[in-house]
Amino acid sequence: MLNKKIILITGGGNGLGLGMVDVFVSLGAFVIAVDIDEKAAAKLQKYNRLKQSVDFVRVDISSSSEVLQLKNYIVDKYHYIDGLVNNAAKMHSAGFFDSTLEEFDSVINLNLKSVFYMSQAFSKLMSENRKGAIVNVSSTHTKATLPGHEIYAACKAGIAGLTRSMALSLGKHGVRVNTLSPGLIETDKIVKHINSTPGLTKAYSQMSPTNQNNSVADVANVAAFLLSDNARAINGADIVVDQGESVQAYNIEQFGICVRENARCE
Ligand SMILES: NC(=O)c1ccc[n+]([C@@H]2O[C@H](COP(=O)([O-])OP(=O)(O)OC[C@H]3O[C@@H](n4cnc5c(N)ncnc54)[C@H](O)[C@@H]3O)[C@@H](O)[C@H]2O)c1
């Protein structure tokens, strides 16, 4: 599906980003994985033992000057890219009254501003070939969120708006832009948290109508589709990947009783 495509991904060293590297390489892509975490380079070396398919570049994407250096590096070494995944972000949750403006700036710089200038830098490159795709990783927190997640939810909702407008600006240059909004993903970090918190395994397993959480590969496969030519008609969309969790008003099974008059309860 991604044969010989050059895909640039931010936050490719851990979690969902690392899972995407795995899936994209298995589908024939060459991946440029960008991450601030230098230790991640070691994890990606296995791909190059098999064949030269991943280039790790240490970049802090919240710095616009480092993004410019990355662009120069890619232009010199590869000349073009076929796809960009804006995936790197940090979670932020704190009491609403405790959150500071410094935190707001720091989270928005990484989670939203970087999506803007990464997209601006690399869509220019893709538009020179009149072909390319951008996938912006958002979250179901754009629609249904939690107390204390104001800054994170604002960034993720910002991504959805940014994506729609970019889809309109870039469509005529041959570049498609879509949002990918996952629900909970069982990354190593999340699994560790679930396993160390009593009761969380049961609670999370009951959140969705499928009684399952997303695996990293579940979400990475959808990103691969959006980057591929099979998705050539999809532009400006927000693809929700959450096992159906966000369309459910509440989980009836958690009540254990029939909550609506005349409803058929099984
Ligand atoms: N895990 C979930 O349940 C979940 C659910 C919905 C959406 N998401 C979204 O998926 C994406 C990936 O999340 P994850 O759970 O894999 O996160 P993660 O924390 O496991 O990985 C994020 C990666 O981004 C890198 N990174 C952080 N700051 C950076 C910077 N300044 N420059 C470059 N790289 C940087 C980190 O080093 C890390 O490798 C995020 O956009 C997140 O909001 C995650």
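This section reports on the structure supplied with the text. As the structure is a prediction and not an experimental result, all values here were calculated from the model.

1. Brief notes about the packing of helix α3 (residues 64-77) against helix α4 (residues 101-128)
Logical step 1: Direction vectors running N to C along α3 and α4 enclose 20°, while the axes themselves pass 10 Å from each other. Taken together, the axes of α3 and α4 lie roughly parallel to each other. As α3 runs across α4, the sense of the crossing is right-handed. For the pair formed by α3 and α4, the contact residues are S64, V67, L70, K71, I74 and V75 on the first element and Y117, M118, A121, F122, K124 and L125 on the second.
Logical step 2: Each residue belonging to the contact of α3 with α4 can be placed in one class, and the counts come to nine nonpolar, one polar and two charged.

2. A short note on the site of the ligand
Logical step 1: In the vicinity of the ligand there are 26 residues, among which N14, D35, N87, Y152 and K189 approach most closely.
Logical step 2: A distance of 3.2 Å is found between a nitrogen atom of the ligand and a backbone nitrogen or oxygen belonging to I36.
Logical step 3: The backbone of I61 places a nitrogen or oxygen atom 3.0 Å from a nitrogen atom of the ligand.
Logical step 4: Out of a free accessible area of 830 Å², the ligand has 87% covered by protein chains.
Logical step 5: Counting only elements with at least two residues in the shell around the ligand, the list comes to α1 (15-26), α5 (150-170) and α6 (188-195).
Logical step 6: The residue inventory of the shell around the ligand, partitioned by class, reads 13 nonpolar, eight polar and five charged.

Scoring rules and cut-offs
- Residues numbered from 1 in each chain as written.
- Predicted model: local features only at pLDDT ≥ 70, side-chain atom pairs only at ≥ 80, totals over all residues.
- Heavy atoms only, no water.
- Axes fitted to C-alpha atoms, helices over the stretch in contact; angles between N-to-C directions.
- Helix = DSSP H or I, 4+ residues; strand = E, 2+ residues; numbered from the N terminus.
- Parallel < 35°, antiparallel > 145°, perpendicular 65-115°, else oblique.
- Left-handed = near helix turned anticlockwise from the far one by under 90°.
- Contact = heavy atoms within 4.5 Å.
- Nonpolar A, V, L, I, M, F, W, Y, C, P; charged D, E, K, R; others polar.
- Near = heavy atom within 4 Å.
- Polar contact = N/O pair within 3.5 Å; in protein donor to acceptor, adjacent residues only side chain to side chain.
- Areas by Shrake-Rupley, 256 points an atom, 1.4 Å probe, with all protein chains shown as cover.

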